[in-house]
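Examining the three-dimensional arrangement
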Amino acid sequence: MTGGWKKSGAVFPILAAALLGALVLSAATGPVPISLRAAFDAIFRGTDDTSARVLLSLRLPRALLGALVGGALASSGVAFQALLRNPLADPYILGVSGGAAVGALTVALFLSAAASPFLPLCAFAGASLSALAVFLLARRRSGVSPERLILMGVVVGAFLNAVIMLMVTLAPPGKIPGALYWLMGDLGLGTPHRVAVLFPYVALGTVLLYLLSRGLDLLLLGDHAAFQAGLSVERVKTATYLTASLLAGSVVAVSGLIGFVGLIVPHGARVLVGSGHRRLLPAAFLLGAAFLVLSDTLARVASPAGELPVGAVTALAGAPFFLYLLRRNGGRS
Amino acid sequence: MTPVLSAHGVRFGYGDRDILLGVSVDLLPGEVTILLGPNGAGKSTLIRILSGILAPREGEVLLCGRPPGEFRRREMARLLSVVGQDPPVDFPMTVAAYVGLGRFPHQGFFGGTSPEDREQVERAMERTELAGLRDRTLSEISAGERQRAAVARAIAQGARVMLLDEPTAFLDIRHRVAFYEIVTQLSATSGIAALVASHDLTLCAEYGERIVLLSGGTVAAQGRPEEVLTPSNVRAAYGVEVARDRNPATGALRVTPLRGMPAKPRGAS
Amino acid sequence: MDRSASAADRFPLASKDDRGVTVRLAAPPRRVVSLAPSLTEIVFLLGRDGSLVGVTRFCNVPAAASNLPKIGGVIDPDVEKIVALSPDLVLCTTDGNPREKVRALEEMGIPCFAVAPQDLEAVFMTIERLGGLLGAADRGRAEAGALRRRARLAHPVSTGVETPSVLFVVSTTPIIAAGVGTFMDELVRLAGGRNVATRFSGRYPRLSVEELVAARPDVIFVAGMAGVERFPPEVTRWKEIPAFRDGAVITLDGDLVTRPGPRLVTALEKVSAALADWRARRPKAPGSGAGGKR
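What you see is a predicted model, and the numbers here were worked out from it, not measured in a lab.

Before going further, it helps to spend a moment on the overall build of chain C. Check the secondary structure of chain C and you find 12 helices and 12 strands. Computed over its C-alpha atoms, the radius of gyration of chain C comes to 21 Å, within 12% of the 19 Å expected for a compact globule of 294 residues. Seen through its C-alpha atoms, chain C measures out along the principal axes to roughly 60 × 35 × 30 Å. Evaluated residue by residue, chain C yields a buried proportion of 48% over its 294 residues. Pairs at least 24 residues apart make up 62% of the contacts formed inside chain C by residues separated by at least 6 positions.

Right, let's talk about the interface of chain B and chain A for a bit. Across the boundary between the two partners, chain B contributes 25 residues, which contact 25 residues of chain A. Going through the elements one at a time, α2 (73-79), β5 (80-83), α3 (95-101) and α4 (104-107) of chain B are the ones with two or more residues in the side of chain B that touches chain A. Among the elements that line the side of chain B that touches chain A, the one with the most residues is α2 of chain B, at three residues. Of the residues that constitute the side of chain B that touches chain A, the class distribution is 13 nonpolar, eight polar and four charged.

Residue and element names in this part refer to chain C. Within the open sheet, the four strands sit side by side as β4-β3-β5-β6. Their pairing is parallel. Since the sheet does not close on itself, it has two edges, and those belong to β4 (52-54) and β6 (112-115), each with one partner. Strand-to-strand twist of the sheet, defined as the mean angle between neighbouring strand axes without regard to direction, takes the value 30°. Contacts from helix α2 (residues 37-45) reach β3 (32-34), β4 and β5 (89-93), with the element oriented near 140° to β3.

Here we come to the interface of chain C and chain A. Listed by partner, the interface residues are 25 residues for chain C and 22 residues for chain A. Here the element with the most residues in the side of chain C that touches chain A is helix α8 (residues 209-215) of chain C; it accounts for five residues. Split into classes, the residues belonging to the side of chain C that touches chain A amount to 12 nonpolar, six polar and seven charged.

Our focus in this paragraph is the sheet that holds strand β4 (residues 58-63) of chain B. All names here are of chain B. Judged by pairing direction, the sheet is antiparallel, and its three strands sit side by side in the order β2-β1-β4 without closing on themselves. Each having just a single partner strand, β2 (17-27) and β4 make up the two edges of the open sheet. Strand after strand, the sheet turns through a mean of 25° between neighbouring axes, direction not considered. Relative to β2, strand β1 (residues 5-14) is paired through eight bridges, and the arrangement is antiparallel. Paired with phenylalanine 12 across the strands is leucine 20, a residue of β2. Where helix α1 (residues 43-50) meets the sheet, its contacts fall on β1, β2 and β4, and the angle it forms with β1 comes to roughly 120°.

Residue and element names in this part refer to chain C. For chain C, the assigned domains read domain 1 (3-152) and domain 2 (165-281). Each of domain 1 and domain 2 has a C-alpha centre, and these two points are 30 Å apart. Counting from both sides, the interface comprises 13 residues of domain 1 and, opposite them, 10 residues of domain 2. Among the residues making up the side of domain 1 that touches domain 2, the classes are represented as nine nonpolar, one polar and three charged.

Calculation rules
Residues numbered from 1 in each chain as written. Chains lettered and ligands numbered in written order. Predicted model: local features only at pLDDT ≥ 70, side-chain atom pairs only at ≥ 80, totals over all residues. Helix = DSSP H or I, 4+ residues; strand = E, 2+ residues; numbered from the N terminus. Rg over C-alpha atoms; globule rule 2.2 N^0.38 Å. Buried ≥ 20, exposed ≤ 12 C-beta atoms within 10 Å, placed from the backbone. Contact = placed C-beta atoms within 7 Å. Nonpolar A, V, L, I, M, F, W, Y, C, P; charged D, E, K, R; others polar. Pairing = 2+ DSSP bridges. Axes fitted to C-alpha atoms, helices over the stretch in contact; angles between N-to-C directions. Domains from an automatic or database assignment.

Shown next, in the form of structure tokens:
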């Protein structure tokens, strides 16, 4: 499976259709029965009965949030894998997750309910600060090397994990379940307001990364080769780092730490469209969005014990699927 | 003829040790210059200095009359391209896409792929006999083919100067010969100034028009192969005894190493 | 009334705990350590608090218990501190105390009696057994009897009453409900309500807001603990949920509903009173309803 069909334009319409299908499925799934008629009325006639309200303020925001988060995590993963020249990189590898968690848990565990609307802001601030710290620590006169970035990411991450453990030990017991579920990722935290606020961040981040596509292609050649090919390597690295961290940080702030998507969806997308970033980034976005929305739908209905954490479903369901995808391609990725 | 790329009195070292103690070299258009020298002589370092990655401690480098630092990145890349030793292996990119990357200095981030771009990529692949492999990925082709792809990318870049850093280091004779064929033809037809850093005394003698012998931190000799590849020069640089004659088939200089444990080369640390 | 309980009035006695381990005591224990707040409450109830020499840091009822020496927490009791108190009996529970630490105490020759009542009646029986163990068998029987009577009074009087659908939560964000197998579930049932969380398997299912809307509980109880807050406004705005529409959200002390001790009956009374209140406020409906919504 090389050459030919990868170039075909069919992949993108199929992915878009898959995303649309996933969104519809997600909006159609839930304990409150909503008939097709009620759905139409809600959307086009602005009715305000229970079905309409459930559809418009619970299900649709949740589905859209899943799409935004999945797409953003996948795009961010693609960017980090190029920046670090490492197929095992994910959006959280360079401090974003630890920082976001410390920010979010500070609000969730130690501040009153009145402060909870500020949780996403604090999580985002935490993510940004830790990502910045990793970047500055890794920077040398000669620039930022992938190896140093990874090293500093690991160190800062370990430190922040210890802080998190400490926080959980000191927290009042009633608040711990909420904190745990945030750590595992939860799309149920999406309100229409939060989705609306998140949208410009995700839009900005993904567009910026798309514009950097060629730069990302060249970064894969190695710093010297990219330099000699005409790339302002350090500037592109910085821009990529900041944009990818912004993307990851903004979605983590709203939905918690959903894992696996940012790591594996880029590989799946490469199998579908090859590794040129001009095609890879949009494909990864669509694939990540569809994947997460489907996983969330599954998480809501799979278990009789109630909702499963979506991060568990992405890994449990996603791993075998992507293994299959990678094997079909001869393990090349 | 004015040199396209020249270095004058370049000094450079890592840490306290200076590797290059004052190197001067000129590259002329349409000419293939071969940079010879033992391991550690500083060939790669010199190439890095010539391409603007490293700045010399003393001396100057001029590309079309201006120092590399004065150029903007893309502008410089339109003038100078570099082929390194090891193009990426596990790269899930097709040959055509990889060669296409060479057009970046002409496109920038936002530019589309123009007909000119496509044509340059095609021609680059034809010259390197890669047209049949265009849709294969880099990990699928052989090492020799990958090296040719790297050369193709540099050709597609359309630069006036090409620096090649021991690109045949790990290749077999077939690919070495192919490589030198491609480079000499390219230089002759397109007027590109090429600098090839090499170890291969035999092929250098056959193909080289100008040879620069780097040893002990300076240019020990430069000129035509007959002038440079004398037994005393080779002994001083490599510690190896050689015999010289003419290749009966081609008439070019032929240099063959003789048996015996090599002596310590001059200036070796 | 259990015959063997009164026989255990006499010392020396041998009694099997809930693990099946036989604990032998030559005389009523004089230095008792409790490893759970519910057990501390029971000891005080039995009037044997004079023999208590060590309690957990969570033992706060009655107030006098807070003044006793602390030996750590429930899941993390400090074995050395316990040993230093030279107890002749340690009361513990398999629902929370770490098995290894209890074993460590037993290996040092300290008898440990483990109980794990799973429902109200088991709590009453535990009170009786511990009464026998601590040399207060009559007191134990009397107290257990009194509690049983109070519990009976808390049941709804007639069978034809309306059954409200009830949700009992231990956390409001996220919504974590008490399901089958919890004390809270039993309280709801005994008080004549229907626990909507029983449609989920598992003891503490997590509910999404939509599931709450679908369940439409008439009354919501919140087991208040340190850190558990009220429901956030984006949840309470769903007036489809009768509990929010009518303001029928009642917060109870979390300790009251989670400790398998005598105050569970107090909790039952409160729940029952709340549900009776709910029934009283209903418009009179002809006949008895199956009650509740979906």
